Amino acid sequence: MCKYVYKIGHMSIINCSQQNVMAEAVNNDKRLKDNGKVQLNQELGLLSSVGIIVGSIIGSGIFISPIGVLSNTGSIGLSLVVWTSCGIISTLGALAFAELGTSIPKSGAEYAYLYEAFGSLPAFVFAWVKIFANRPSSQAVVCLTFSEYALSPFFDACGPPLLIKKLLAASVLALLGAINCYDVKAVAKIQVVFTGLKLLALSIIIMGGVVHLSKGNLEYFDNAFSGSTDDPSKIALAFYSGFWAFGGWNYLNLATEEVKDPTRTLPRAIWISLPLVTIFYLLTNISYFAVISKTELLASTTTGVVRYVLSYL
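Worth saying up front: this structure is predicted, and the values here are computed from it rather than measured.

Section: the environment of Leu 276
By secondary structure assignment, the location of Leu 276 is in helix 10 (residues 262-291). Judged by its relative accessible area of 28%, Leu 276 falls in the partly exposed class. Residues Leu 276 and Leu 199 lie 77 residues apart in sequence; the distance between their C-alpha atoms is 9.8 Å. When sequence neighbours within four positions are dropped, the list of residues in contact with Leu 276 reads Val 54 and Leu 199.

Structural notes on the nonpolar core
Grouped together as the largest cluster of nonpolar side chains are 34 residues, with contacts concentrated most on Phe 246 and Tyr 281. Mapped by element, the contributors of at least two residues to this core are helix 2 (46-57), helix 3 (61-73), helix 4 (76-103), helix 8 (184-214), helix 9 (232-245) and helix 10. Here this core takes eight residues from helix 10, the largest share from any one element. Excluding anything up to four places from it in sequence, Tyr 281 contacts Ile 57, Ile 58, Gly 59, Ile 62, Trp 83, Ala 245 and Phe 246.

So, a nonpolar patch on the surface
Judged by side-chain polarity, Leu 121, Phe 124, Val 125, Trp 128, Val 129, Ile 131 and Phe 132 come together as a nonpolar surface patch covering roughly 770 Å² of accessible area. You can see Phe 132 is positioned in helix 6 (residues 120-151).

Observations concerning unusual backbone geometry
In the Ramachandran plot, Ala 109 falls in the positive-phi region, its phi being about 55° despite a non-glycine side chain. Relative to the helices and strands, Ala 109 resides in the loop between helix 4 and helix 5 (110-118). Here Asn 223, not a glycine, exhibits a phi torsion of approximately 50°, which is positive. Relative to the helices and strands, Asn 223 resides in the loop between helix 8 and helix 9.

Overview of the environment of Gly 87
Along the chain, the position of Gly 87 falls in helix 4. By relative accessible area, which is 1% here, Gly 87 ends up buried. What Gly 87 contacts, discounting residues up to four positions off in sequence, is Phe 246 and Thr 278.

Digging into the packing of aromatic side chains
In this structure the tally under the stated criterion is eight aromatic pairs. Taking the centre distance of 5.6 Å and the plane angle of 80° together, the rings of Trp 83 and Tyr 281 count as edge-to-face. With Trp 83 in helix 4 and Tyr 281 in helix 10, this pair connects stretches of sequence that are 198 residues apart. With a relative accessible area of 1%, Trp 83 lands in the buried category. Overall, Tyr 281 belongs to the buried group, its relative accessible area being 0%. With 5.7 Å between their ring centres and 80° between their planes, Phe 97 and Tyr 113 make a pair best called edge-to-face. In this pair, Phe 97 sits in helix 4 while Tyr 113 sits in helix 5, placing the two residues 16 residues apart along the sequence. Here Phe 97 falls in the buried class, since its relative accessible area comes to 13%. On the basis of relative accessibility, which here comes to 7%, the residue Tyr 113 falls in the buried class.

Description of the pattern of salt bridges
In a structure, side chains of opposite charge can pair up when their charged atoms sit close to one another. Under the criterion given, the structure shown has two salt bridges. The salt bridge partner of Glu 116 is Lys 106, with a shortest N-O separation of 2.5 Å. A residue pair is termed long-range when its members are at least 10 positions apart, and Glu 116 in helix 5 and Lys 106 in the loop between helix 4 and helix 5 qualify at ten residues. Given a relative accessible area of 40%, Glu 116 falls into the partly exposed group. The class for Lys 106 is partly exposed, based on a relative accessible area of 38%. Notably, a salt bridge pairs Glu 148 with Lys 165, separated by 2.8 Å at the nearest N-O pair. With Glu 148 in helix 6 and Lys 165 in helix 7 (residues 162-182), the pair connects residues that are 17 residues apart, well separated along the chain.

Some words on the confidence of the model for the protein chain
For the protein chain, mean pLDDT is 80; residues scoring 70 or higher make up 83% of the total. Here residues 1-34 is modelled with pLDDT under 50, and outside its nearest four sequence neighbours on either side it reaches 25 contacts, counting other chains as well.

How each quantity is defined
Residues numbered from 1 in each chain as written. Predicted model: local features only at pLDDT ≥ 70, side-chain atom pairs only at ≥ 80, totals over all residues. Heavy atoms only, no water. Helix = DSSP H or I, 4+ residues; strand = E, 2+ residues; numbered from the N terminus. Buried < 20%, exposed > 50% of the residue type's maximum accessible area, 1.4 Å probe, protein only. Contact = heavy atoms within 4.5 Å. Core = buried A, V, L, I, M, F, W, Y, C linked by side-chain atoms within 4.5 Å. Patch = residues over 30% accessible without salt bridge, like charges linked within 9 Å, V, L, I, M, F, W, Y side chains within 5 Å. Areas by Shrake-Rupley, 256 points an atom, 1.4 Å probe, with all protein chains shown as cover. Salt bridge = Lys/Arg side-chain N within 4 Å of Asp/Glu carboxyl O. Phe/Tyr/Trp six-rings, centres within 6.5 Å; stacked < 30°, edge-to-face > 60°. pLDDT = per-residue confidence, 0-100.

Right under this line is the structure:
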């Protein structure tokens, strides 16, 4: 029961436990809409939103896709053009999603928009494919790539056993799932930290290329467009590899209802995130091409390329 400590005239001072109960009631009320439905708390500011977008985009793609882009374009110059184009097109797509997110301020991204436009059946089919096929497979690739990099220092040139890689990847998936189920604020903070670490890692790779270029080693950029393909199918495959590395620009829309002032935050976060990622991707590719020839890059593994670049620091 509520207890009063003392009275002053017609005013009553309540104790701390009463204040806590009232504060909790107010917080609970904030989670309810006018129609009585539960509403998500708006916990994500601009920094957290940028962290989600950048952190979702930057991953194994920047270490895997350069080989695919280069093998299909046939030249360093055309591959850089494809990377730039992928960044511009991804930015335009993200801005279109930002408009959808501000017009239909509901979490769920594509599911919410399909539901509003076409009804429950197309939205359900999309969500089913996304949850049971698309997202699990892509996350499995990301976690297996993480396992490859994390375990490679502890094994010889043959690499870690496949079973160990799979066990580590499954453990990482389970851990990330648990964290995301625990608390939005905690996830946002972790996302910002890991996004910073990703940018730091790419910055170190870029520095290796800059150091090498500063010594006048520009021979791999001579005739940069030599060998460029004119086959539309190969160019399309190159774009496919590039877009895979940019995947994740729509993830903030999955949590639109948890974003503070989404009308302003969504477009601002996109204008900061996509150009930033595009610049980092271009500089990373230039660093690759600065220290290793086209033929050597195509014959290398992803871990081998990174180690070769870092050897110039």
